[in-house]
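One letter stands for each residue in the lines below.
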Amino acid sequence: MRNPFVALAVMTLVGSPAFAEGPPNPADLRRVTKARESLVPAVEKAFGPKARFVQLFGQGREMLAGVVAEVPVEPLGTDDLPLLAIVRYAEDTGAVRVVAPEFKYREARIVGQDVALLDGQGTLRLRDAKGQERLLAEQVGGDLFPTAKGDALVATLKTGVPGPHETAVGIIDMNGRVKVLADGPGVDATPSISPDGKTVVFVSGRTSVASFFVTTVEGAEAKQLTNVGLENWMLFGGPPKEFVPPPVSSHHMEWLSDDVLRYNAGGGEFWTLNVRTGHAAADVGGAK
């Protein structure tokens, strides 16, 4: 399940929406280019000439990539996305290996030494290095983001409330215990957890404008960080200068410290957000 108020972000072989409308941070462009050099031939060899890698999950030396059997001819809505096979990609060596060859997954993330796999029915399983799986949770909407320790992950949860735009944010430990951290009216989604494992930020539509909120792993009352005072009608004709865009997905978030989150806002834009102060700014990047 994707956030209905943001576009899907995919790092594709061709025409990546994340880099389609402006110059990206040079470091980010180099990372995607480097990933393509390894993933393109490996995916073709493993899955055939029509297969394409369409998304990178996570950050760091080890990442996962989603692979489609064939790129759809017509653009798809976020509720009609093709299911993925999953491969593992080592950024430092360029090594690629198949983790889950079946085209049945929505998302995947590395959690400690294992891989969390979310299928099209919202069932989350953990697969170890030997290929053995165990059930973690059901009714998971997506947006998987693991803790730095690999002992849990935050995710968007389906609430069971009728309608496609009712979701909550929760944390799932490796024993399968699920705790709801935030559940306001409408969409609460795209969570990310700080490296110290204490702070959870997420995007909510509860104010009618997609905005960052912050809570804790104990589920403290959520506090709005961005777009305070804005209403959706104020965005007609173009967003005001104080508008802070939401992330395209939790898979394109990385923490620069326990306080500062960096994320992909789409259209070639990356932003940083201080989760203590709410200060946000475009990250124009540099050559490093």
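Parameters and conventions
Residues numbered from 1 in each chain as written. Predicted model: local features only at pLDDT ≥ 70, side-chain atom pairs only at ≥ 80, totals over all residues. Heavy atoms only, no water. Buried < 20%, exposed > 50% of the residue type's maximum accessible area, 1.4 Å probe, protein only. Helix = DSSP H or I, 4+ residues; strand = E, 2+ residues; numbered from the N terminus. Pairing = 2+ DSSP bridges. Axes fitted to C-alpha atoms, helices over the stretch in contact; angles between N-to-C directions. Core = buried A, V, L, I, M, F, W, Y, C linked by side-chain atoms within 4.5 Å. Phe/Tyr/Trp six-rings, centres within 6.5 Å; stacked < 30°, edge-to-face > 60°. Lys NZ or Arg CZ within 6 Å of the ring centre and 35° of its normal. Polar contact = N/O pair within 3.5 Å; in protein donor to acceptor, adjacent residues only side chain to side chain. Contact = heavy atoms within 4.5 Å. Salt bridge = Lys/Arg side-chain N within 4 Å of Asp/Glu carboxyl O.

Can you tell me about the pairing of strand β9 (residues 152-158), naming the residues and giving the values?
With 6 of 7 residues buried, β9 is to be regarded as a mostly interior element. With 4 bridges connecting them, strand β8 (residues 140-146) and β9 associate as antiparallel partners. Residue pairing for β9: Pro146 is matched across the bridge by Leu153. Counting the residues between successive antiparallel strands, the hairpin from β8 to β9 contains 5 residues, one of them, Gly150, with a positive phi of roughly 75 degrees.

Go over the sheet that holds strand β17 (residues 260-266), please, and point to the residues and values.
Hydrogen bonding along the main chain pairs the strands of a sheet, whether they run parallel or antiparallel. The strand order across the open sheet built from 4 strands is β16-β17-β18-β19, with neighbouring strands paired in antiparallel fashion. Because the sheet does not close on itself, it has two edges, and the strands there are β16 (253-255) and β19 (280-282). Sheet twist, expressed as the mean angle between neighbouring strand axes with direction ignored, is 25 degrees.

Residues and numbers for the nonpolar core, please.
Core analysis: the biggest nonpolar cluster contains 28 residues, and Phe212 and Tyr263 have the highest contact counts within it. For this core, the secondary structure elements donating two or more residues are β9, β10 (167-173), β11 (178-182), β13 (199-204), β14 (211-216), β16, β17 and β18 (269-274). In terms of nonpolar packing, the next biggest core, distinct from the first, is built from 14 residues, Val111, Ala137, Leu144 and Met174 among them.

For the packing of aromatic side chains, give the residues involved together with the corresponding values.
Scanning the model with the defined rule gives 3 aromatic pairs in all. The positively charged end of Arg109 is found above the aromatic ring belonging to Phe145, 5.0 Å away from the centroid. For Arg206, the ring lying beneath its charged end belongs to Phe213, and the centroid distance is 4.9 Å.

An account of the side chain of Thr215 is requested, with residue identities and associated values reported.
Looking at where Thr215 falls in the secondary structure, it is placed in strand β14. Within the structure, Thr215 has its side chain in polar contact with the backbone oxygen of Ala220 (distance 2.6 Å). Sequence-distant contacts of Thr215, defined by excluding residues within four places in its chain, comprise Leu181, Lys198, Thr199, Val200, Phe202, Ala220 and Ala222.

Tell me what's going on with the side chain of Thr167, and back it up with residues and numbers.
Relative to the helices and strands, Thr167 is located in strand β10. Within polar-contact distance, the side chain of Thr167 engages the backbone oxygen of Asp188 at 3.0 Å.

Any chance you could break down the pattern of salt bridges for me, citing the residues and the numbers?
Per the counting criterion, the structure on display carries 9 salt bridges. Note that Arg206 is salt-bridged to Asp188, the shortest N-O span being 2.8 Å. Residue Arg206 is found in the loop between β13 and β14, and its partner Asp188 is found in strand β12 (residues 188-193); the two are separated by 18 residues along the sequence. Arg206 sits in the partly exposed class, given a relative accessible area of 29%. The exposure class of Asp188 is buried, given its relative accessible area of 0%. Linked by salt bridges that have partners in common, Glu254, Arg262 and Asp283 make up one network.

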